Amino acid sequence: MLMSFSVIILSGLLFGGFCKKLQFPSLFGMIIAGIVIGPNVLNLIDTSILSVSSEIRRMALIVILIRAGLKLELSDLKKVGRSAILMCFLPACFEILGMILVAPKVFGISYLDAVIMGAVIGAVSPAVIVPRMIKLIDSGYGVDKGIPQMILAGASVDDVFVIVMFTTFTSVAKGGGVSLMRFVDIPLSIVFGIIMGFVVGWLITKWFRSFEINQMVQVLIILSVCFVLSFIENRIKVIPFASLIAIMCVGIPIRKNDRNLAASLSGVYDKIWTVAEIFLFVLVGASVSISSVSSAGVRVIILIMCVLLFRMLGVFVCLIGTKLNFKEKVFCMIAYTPKATVQAAIGGLPLAMGLSCGQIVLTVSVIAILFTAPLGAFGIDITYRRFLSGDREEMCKG
């Protein structure tokens, strides 16, 4: 296992650094590293690590969301309140609609199979988006209009919405019915997640103010509490509860009540992310099925490009009536395209369930990760300076 950890870290750094030299996002290199050292090529990762790969990726995602919460300003989020709410579900709905219209014609599958595929592909990737939006907040780009804050909030809820849709439609495919309560669970899980996150964040702030606690211990306490929140969502089904939203909201009251504490904690989490990022994307790459990719034709790329256009149209609709100019709207449309985490987590489930669409869903999920994660990241990296206005004060600090 220790050898596998070494291989994951060193290959991630090597491939990621090489891509960075070529002006590509380092995450692309890390995904490629995962494919190379994964079970489909060199098979250098211990099976014990692969068996808990999804849990390790979840831990890395939690680190990202904690960082995001510690940098979010509620006052900035209020500037784009309506648009942030629409971004939580409308782009995904447009993408699922695009899948219903295009996939049956391209692959000859049923409309129900197309809906299931759309529910898998429709989720945006916080793992790709959140670190870049944090970078924009730190450097001041788009902050005056709340652009990175809006995308941060939307991306964290988007996954919850899509996973509920996926669960509903796979239940129908297995012979179950459509339950109204499943759709009621969506707003309830969001509301309960926000409340839980704010309450936990407020209690943590009170705790840290009342006792002398070493900074590293504070970091570990927050991380452990967030792990517990994730556990509660997955194991305790008493109330619908979106842990991803709760985890991001934990940092908001900490920042509101003690900006210096939030800044120092954020600095430590930035360093933790350096390691977490490697494990996240290398293990995403290791989960990729080479046979699925090799069997895919040009039709898969055409399908993904078509549904991405629908998604971008959905983002544009969300931004109608805002103060954003055309370039800023285009940036938001580009920033909301990357996919990775959810597709890696649930892309193989329809096949495991024995659904007729299982193999094609898995194939499209794999190609979507390889195609949109680096493309979306690259798109964000090369456009934010050109399309967004920067806060000169913040940029000077950076």
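Here goes a summary of the coordinates provided.

What counts, and at which threshold
Residues numbered from 1 in each chain as written. Predicted model: local features only at pLDDT ≥ 70, side-chain atom pairs only at ≥ 80, totals over all residues. Heavy atoms only, no water. Patch = residues over 30% accessible without salt bridge, like charges linked within 9 Å, V, L, I, M, F, W, Y side chains within 5 Å. Areas by Shrake-Rupley, 256 points an atom, 1.4 Å probe, with all protein chains shown as cover. Salt bridge = Lys/Arg side-chain N within 4 Å of Asp/Glu carboxyl O. Helix = DSSP H or I, 4+ residues; strand = E, 2+ residues; numbered from the N terminus. Buried < 20%, exposed > 50% of the residue type's maximum accessible area, 1.4 Å probe, protein only. Axes fitted to C-alpha atoms, helices over the stretch in contact; angles between N-to-C directions. Parallel < 35°, antiparallel > 145°, perpendicular 65-115°, else oblique. Left-handed = near helix turned anticlockwise from the far one by under 90°. Contact = heavy atoms within 4.5 Å. Nonpolar A, V, L, I, M, F, W, Y, C, P; charged D, E, K, R; others polar. Phe/Tyr/Trp six-rings, centres within 6.5 Å; stacked < 30°, edge-to-face > 60°.

So, a nonpolar patch on the surface
Part 1 of the reasoning: A cluster of nonpolar side chains, namely Leu188, Val191, Phe192, Ile195, Val199, Trp202 and Leu203, defines an oily patch on the protein surface of about 600 Å² accessible area.
Part 2 of the reasoning: Within the secondary structure, isoleucine 195 sits in helix H11 (residues 180-210).
Part 3 of the reasoning: Judged by its relative accessible area of 46%, isoleucine 195 falls in the partly exposed class.

Examining the environment of tyrosine 141
Part 1 of the reasoning: Looking at where tyrosine 141 falls in the secondary structure, it is placed in the loop between helix H9 (126-139) and helix H10 (147-173).
Part 2 of the reasoning: You can call tyrosine 141 buried: its relative accessible area is 11%.
Part 3 of the reasoning: Between the alpha carbons of tyrosine 141 and glycine 390 there is a distance of 4.0 Å; along the sequence they are 249 residues apart.

Here's the deal with the packing of helix H1 (residues 2-21) against helix H2 (residues 26-37)
Part 1 of the reasoning: Where H1 contacts H2, the two axes come as close as 7 Å, and the packing angle between them is 135 degrees. When the axis of H1 is compared with that of H2, the two are oblique. Judged by the twist between their axes, the crossing of H1 over H2 is right-handed. Taking contact as the criterion, the partners of Val7, Ile8, Ser11, Gly12, Phe15, Gly16 and Cys19 in H1 are, on H2, Ser26, Phe28, Gly29, Met30, Ile32, Ala33, Val36 and Ile37.
Part 2 of the reasoning: Class assignment of the residues belonging to the contact of H1 with H2 gives a composition of 10 nonpolar, 5 polar and no charged.

Here we look at the packing of aromatic side chains
In this description, an aromatic ring pair is defined by two values, namely the gap between the centres and the angle between the planes.
Part 1 of the reasoning: Taken as a whole and assessed by the stated rule, the structure comprises 4 aromatic pairs.
Part 2 of the reasoning: A centroid spacing of 5.1 Å and a plane angle of 85 degrees characterise the contact between tyrosine 141 and tyrosine 384, whose relative ring orientation is edge-to-face. One end of the pair, tyrosine 141, is in the loop between H9 and H10; the other, tyrosine 384, is in helix H20 (residues 358-387), with 243 residues separating them in the sequence. Comparing tyrosine 141 with tyrosine 384 shows no difference in burial state: the two are buried.
Part 3 of the reasoning: Seen in terms of ring centroids, tryptophan 207 and phenylalanine 208 are 6.1 Å apart; in terms of plane orientation they differ by 40 degrees. Their pairing is tilted.
Part 4 of the reasoning: Take tryptophan 207: its relative accessible area is 39%, and that puts it in the partly exposed class.

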